[in-house]
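Chains, contacts and geometry: an overview
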Amino acid sequence: MTDRLPRSLALVLLALALVLALFPVWGGWAFPAKHAFLMQKLTGVMILAVLAMSLDLLVGVCGLVSLGHAAFFGLGGYWLAMLSPQYEAANLWVVLPLALLGTAAAAAVVGFLSIRTSGIYFIMVTLAFGQMGFYFFNDSKLAGGSDGTYIYVKPAVELFGRTVVDLDSKVAFFYVAFGVLVGSYLLLRVLLASPFGRVVRAIGVNEHRVRGLGYNPAAYKLVTFTIGGTVAGLAGFLAATQYGFVNPAMLSWHQSGQVLVMVILGGMGTLFGPILGAFLLELARMGFESLTEHWLALLGAMIIAIVLVLPRGVAGLALDLAGARRADGGEDPE
Amino acid sequence: MDVWFFLIQVLNGVQYGLLLFLVASGLTLIFGIMGIINLAHGSFYMLGAYLAYWLAAKTGSLPAAVLLSLPIAAAVGYAIEAVLVRTLYRRDHLDQVLLTYGLILIFNEAQKVLWGNDVHGVAVPQALAWSIQLTDRLAYPAYRLALSGVCAALAVAMWFVIARTRFGMWVRAGASNREMVSALGIDVKLLFGVVFAVGAAIAGLAGALSAPVNSVYPGMGESVLIICFVVVVIGGVGSVKGAFLGALLIGLADTFGKVFVPEFASFSVYAVMAAVLLWKPRGLFA
């Protein structure tokens, strides 16, 4: 990935972000009948975009193809469900850090065990841990088993006894999701521009050379895996807050696979690509669904067409159009 | 627990394992030789099962339906390789994952359009619709035994083809060094097409044969796909012997897990895989 986006592309992305940010204003005018539904839908897509971006950090940047990433997404949600009192609001300043810490700890353990393997074996080990997480919540009595469990009252966000943000408000929550999306994007960009991030990116391009330069790739991979898992946990926390509900499907390999599709479709290793991928996949699904009952075939055909026509995803096309030179000259030798 | 009950569980585990081997062997060969991660492999299993259900209803005979479904699955497999997969050999594995994921969606939609969303049962053929009485209360269905026999025979045949024939030699050579094989003047394009088609046909056959035991339902391809990936990785990618032992291991672990610790049976399959990979990071026989 390039350190700086080409100016024209940055402007287009900024414009898209503005259009999205103002949706609560213009959406009601453009889609009067479906505004509430679209608000909710877009909020959900922004949360998925955060999840996709966190997976891109592993897959696209560091070369760690995980097929169990949804486990941390689900875990973030389950921590909220398990920490919330049944009929009262939980204190966000308590449950959010606890949920993130809990997810980070799980990601560190899974990462520590998984990074011993590489290639397709890494894909399968992460799948195995993801499935173990799925069956753990699905088959045990903890938190409702396969039925999942409800979070009846959304967490309270208070400062000095006053409510700062009312998470029950659809508009407020839309902006919370938007803020988290933009915030995590900027944070990850800063991280990747740092000396730490440069090593992580180098591992994604050629791990042997990084080792040859005297770095220990395993330590960098473990930290990256933990950060990715924690951001996924944050997305899961938001998703559980939005729907007031968690179930094991959040951790399933279907969810992991779908997020991976968003990352590849959008363009790996670019961070903004997976965001576009999340919007493309979810909006295309919605569009095809309203068009025909055979939408699944259309979605499949669209994915196949994009693979054949756009080898580096939507972001690759965008970067080509903006005239960016490819930052990495070489291929990963295998 | 008495010895007959234990024997029945062993037979069930072995039968499930052999069935998994049929699907997993194609998966491991396609990855080992062609370097393609084929997520749509489970869809061939589903295709075989639905073809068996549909053709059995049309012809009135399950064996005829199974035999007819073989060339259809092979043809579909060959066509997909020739039209889509062939363009991706030089591309990243993740592009293949994405493309074959798209194929799964199309297969599932086709299944919905052609055969609907119901669960279908398929009758056991008359000649095998009896049971072997083991004790007063325990019996073992003849069809399951025959199914294990057919799968075992296929496994032996596959071993023979791979270990003892010229075609098998190409396949083994292709798995260990693709460039060298094409440098020696073997038509790699054709070899890949045939391996893909045969893999598809065997997966379809597994689906067709298991239809009377497991019934036919939407989404059956994906569940078998994930388990078969577990099998392939435990055995070591590209190793048919590894796939065989991995399949038996998973078949028995799943069956006995369901008997003794039903809450943790599915969990245990993945725990076995994680343990194997942490012990041997490239599988048992890579």
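Right, let's walk through the structure included here.

**Some thoughts on the overall build of chain B**
Scanning chain B from N- to C-terminus turns up eleven helices and two strands. Helices and strands appear in chain B in the N-to-C order α-α-α-α-β-β-α-α-α-α-α-α-α. Taken along the three principal axes of its C-alpha coordinates, chain B extends 65 × 50 × 35 Å. A burial count over chain B gives 52% of its 286 residues as buried. Taking all contacts inside chain B whose residues are at least 6 apart in sequence as the whole, residues at least 24 apart take part in 77%. Positive and negative side-chain charges of chain B, numbering 16 and 12 respectively, have mean locations separated by a distance of 11 Å.

**Re a nonpolar patch on the surface**
Residue and element names in this part refer to chain A. Nonpolar side chains collect at one region of the surface, where Leu18, Val19, Leu22, Val25, Trp26, Trp29, Phe31, Val171 and Tyr175 lie side by side and expose about 930 Å² of accessible area between them. Counting only elements with at least two residues in the nonpolar patch, the list comes to helix H1 (7-21), helix H2 (23-30) and helix H7 (170-193). No other element matches the three residues that H2 contributes to the nonpolar patch. Structurally, the position occupied by Val171 is in helix H7. Residue classification places Val171 among the partly exposed residues on the basis of a relative accessible area of 42%.

**Description of the pairing of strand E3 (residues 162-165) of chain A**
Looking along a regular strand, one sees the side chains alternate between the two faces of the sheet. Residues and elements named next belong to chain A. The sheet contact formed by strand E2 (residues 157-159) and E3 spans three bridges and is antiparallel. Of the residues in E3, the one forming a bridge with Leu159 is Arg162. Counting the residues between successive antiparallel strands, the hairpin from E2 to E3 contains two residues, one of them, Phe160, with a positive phi of roughly 50 degrees.

**Some details on the environment of Thr226 of chain A**
Among the secondary structure elements, Thr226 of chain A is positioned in helix H10 (residues 217-243). Excluding anything up to four places from it in sequence, Thr226 of chain A contacts Ala104, Ala107 and Ala108 of chain A.

**Overview of the interface of chain A and chain B**
Opposite the 39 residues of chain A that make contact, chain B presents 40 residues. Of the roughly 3700 Å² buried between chain A and chain B, counting both surfaces, carbon and sulfur atoms make up 79%. Connecting chain A to chain B are zero salt bridges. Summed over the shared surface of chain A and chain B, the result is six residue pairs in polar contact (both at pLDDT 80 or more). Looking at the side of chain A that touches chain B, the elements with two or more residues in it are helix H6 (120-139), helix H11 (253-266) and helix H13 (295-309) of chain A. Here the element with the most residues in the side of chain A that touches chain B is H6 of chain A; it accounts for 13 residues. Here the side of chain A that touches chain B is composed, by residue class, of 30 nonpolar, six polar and three charged.

**A short note on the environment of Ala107 of chain A**
Residues and elements named next belong to chain A. Mapped onto the fold, Ala107 is located in helix H5 (residues 92-114). C-alpha separation for the pair Ala107 and Thr230, spaced 123 residues apart in sequence, amounts to 7.2 Å. Sequence-distant contacts of Ala107, that is, excluding residues within four places in its chain, are made with Phe72, Phe225, Thr226 and Gly229.

**Quick look at H5 of chain A**
Residues and elements named next belong to chain A. Here H5 contains 23 residues, and its C-alpha end-to-end distance of 32 Å stays within 8% of the 33 Å for a straight helix at 1.5 Å per residue. Within H5 the residues assigned to the buried category are Leu92, Val95, Ala99, Gly102, Thr103, Ala104, Ala107, Val110, Gly111 and Ser114. Looking at the buried positions of H5, the neighbouring elements they touch are helix H4 (70-83), H6, E2 and H10. Put simply, Asn91 is the residue that caps the front of H5, since its side-chain oxygen is 3.0 Å from the backbone nitrogen of Trp93.

**Digging into the pattern of salt bridges**
Once the charged atoms of two side chains with opposite charge are near each other, the side chains can pair. Residue and element names in this part refer to chain A. As enumerated under the stated definition, the model contains nine salt bridges over all chains in all. Glu207 is the salt-bridge partner of Lys221, the closest N and O atoms lying 3.1 Å from each other. Note that Lys221 is positioned in helix H10 and Glu207 in helix H9 (residues 207-212), a separation of 14 residues in sequence. Assessed through its relative accessible area of 8%, Lys221 is described here as buried. Classification of Glu207 by relative accessible area gives partly exposed; the value is 23%.

**Structural notes on the packing of helix H10 (residues 240-260) of chain B against helix H11 (residues 265-279) of chain B**
Residues and elements named next belong to chain B. With their axes 8 Å apart at the nearest point, H10 and H11 run at an angle of 150 degrees to one another. Judged by the angle between their axes, H10 and H11 are roughly antiparallel. The interaxial crossing formed by H10 with H11 has right-handed handedness. Here Leu249, Ile250, Ala253, Asp254, Gly257 and Lys258 of H10 lie close against H11, whose contacting residues are Ala265, Ser268, Val269 and Val272. Grouping the constituent residues of the contact of H10 with H11 by class yields six nonpolar, two polar and two charged.

**Overview of unusual backbone geometry**
Both trends apply: most residues other than glycine have a negative phi, and most peptide bonds are in trans. One non-glycine residue with positive phi stands out, namely Leu271 of chain A, at about 65 degrees. Mapped onto the elements, Leu271 of chain A comes out in the loop between H11 and helix H12 (272-291). For Ser215 of chain B, which is not glycine, the phi torsion reads 60 degrees and is therefore positive. Turning to its location among the elements, Ser215 of chain B is positioned in the loop between helix H8 (188-214) and helix H9 (220-235).

**Examining the nonpolar core**
Counting 204 residues, the largest nonpolar core has Ile303 of chain A together with Met34 and Tyr270 of chain B as the members making the most contacts within it. Here this core gets 17 residues from one element, more than from any other, and that element is helix H3 (residues 35-61) of chain A. What Met34 of chain B contacts, discounting residues up to four positions off in sequence, is Leu29, Glu81, Tyr89, Arg178, Phe192, Val195 and Phe196 of chain B.

**Topic: the packing of aromatic side chains**
All names here are of chain A. The final tally for this structure, using the stated rule, is 19 aromatic pairs over all chains. The interplanar angle of 90 degrees and the centroid separation of 6.3 Å between the aromatic rings of Phe122 and Phe225 together place this pair among those described as edge-to-face. With Phe122 in helix H6 and Phe225 in helix H10, this residue pair connects regions lying 103 residues apart in the sequence. Grouping residues by exposure puts Phe122 and Phe225 together as buried.

**What about the environment of Ile304 of chain A?**
Topologically, Ile304 of chain A is positioned in helix H13. C-alpha of Ile304 of chain A to C-alpha of Ala322 of chain A: the two residues are 18 residues apart in sequence and 24 Å apart in space. Ignoring any residue separated from it by four or fewer positions in sequence, one finds Ile304 of chain A in contact with Leu84, Leu99, Gly102, Leu103 and Ile106 of chain B.

Rules used in this analysis
Residues numbered from 1 in each chain as written. Chains lettered and ligands numbered in written order. Predicted model: local features only at pLDDT ≥ 70, side-chain atom pairs only at ≥ 80, totals over all residues. Heavy atoms only, no water. Helix = DSSP H or I, 4+ residues; strand = E, 2+ residues; numbered from the N terminus. Buried < 20%, exposed > 50% of the residue type's maximum accessible area, 1.4 Å probe, protein only. Contact = heavy atoms within 4.5 Å. Lys, Arg positive; Asp, Glu negative; His and termini not counted. Charge placed at Lys NZ, Arg CZ, Asp CG, Glu CD. Patch = residues over 30% accessible without salt bridge, like charges linked within 9 Å, V, L, I, M, F, W, Y side chains within 5 Å. Areas by Shrake-Rupley, 256 points an atom, 1.4 Å probe, with all protein chains shown as cover. Salt bridge = Lys/Arg side-chain N within 4 Å of Asp/Glu carboxyl O. Pairing = 2+ DSSP bridges. Buried area = accessible area lost by both parts, 1.4 Å probe. Polar contact = N/O pair within 3.5 Å; in protein donor to acceptor, adjacent residues only side chain to side chain. Nonpolar A, V, L, I, M, F, W, Y, C, P; charged D, E, K, R; others polar. Expected span 1.5 Å × (residues − 1). Axes fitted to C-alpha atoms, helices over the stretch in contact; angles between N-to-C directions. Parallel < 35°, antiparallel > 145°, perpendicular 65-115°, else oblique. Left-handed = near helix turned anticlockwise from the far one by under 90°. Core = buried A, V, L, I, M, F, W, Y, C linked by side-chain atoms within 4.5 Å. Phe/Tyr/Trp six-rings, centres within 6.5 Å; stacked < 30°, edge-to-face > 60°.

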